[in-house]
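Structural characterization, general
Here's the letter readout for the chains.
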Amino acid sequence: MRTDLITREGYNALKQELDYLWRTERPDVTKKVAWAASLGDRSENADYQYNKKRLREIDRRVRFLRKRLEILKVVDYSPQQDGKVFFGAWVEVENEAGDTRRFRIVGPDEIYGRKDYISIDAPMARALLKKEVDDEVVVATPEGRKIWFVTTIDYNAGNEL
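How each quantity is defined
- Residues numbered from 1 in each chain as written.
- Predicted model: local features only at pLDDT ≥ 70, side-chain atom pairs only at ≥ 80, totals over all residues.
- Heavy atoms only, no water.
- Pairing = 2+ DSSP bridges.
- Helix = DSSP H or I, 4+ residues; strand = E, 2+ residues; numbered from the N terminus.
- Core = buried A, V, L, I, M, F, W, Y, C linked by side-chain atoms within 4.5 Å.
- Buried < 20%, exposed > 50% of the residue type's maximum accessible area, 1.4 Å probe, protein only.
- Contact = heavy atoms within 4.5 Å.

**Re the pairing of strand β3 (residues 90-95)**
The pairing of β3 with strand β4 (residues 100-106) spans five bridges and is antiparallel. Counterpart to V93 in the pairing with β4 is R101. In this antiparallel pair of consecutive strands, β3 and β4, the connection spans four residues, and G98 shows a positive phi of 90 degrees.

Here it is, written out as structure tokens:
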């Protein structure tokens, strides 16, 4: 199951990607396809074949983004969230061996390219919801149950604890 939640920053990033693809990259690639087509034999024209393929990729991504942006629900920070883990929180956890992890709980559309973001659908995120500092969290993993302790919770937009 994929949750349809997203942070304001994530929503704006997807909108920027859509805008860039539609207003900048697609027109450029379309010009290249038209130029390559005007050269004649398309079957052996690498420029034509590559750019035509790229145009299909852009159109596929544009369709996906338009549909996705319609159903996503933006979740903004609320002062009532302070002190507990909810969507959008920066959380630091520590296990009994002293290993620490720090990440932000975000929507599944935001995790790509970021090692410090985890999806709200992840077992760790689900286990952390509504927990407070110093709470014990039991997370079911393929290796078995792991115990973590919440050390910090922050909703600071500056990403610094």
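**A few points about the nonpolar core**
Among the nonpolar cores identified, the biggest contains 19 residues, and V91, V93, F103, I105, M124 and L128 are the most heavily contacted of them. For this core, the elements supplying multiple residues, two or more each, are β3, β4, α3 (123-128), β6 (136-141) and β7 (144-154). Of all the elements, α3 adds the most residues to this core, at four residues. Ignoring any residue separated from it by four or fewer positions in sequence, one finds M124 in contact with V93, F103, I118, V139 and W148. Ranked by size, the runner-up nonpolar core spans 16 residues in total, among them L21, V33, A37 and I58.

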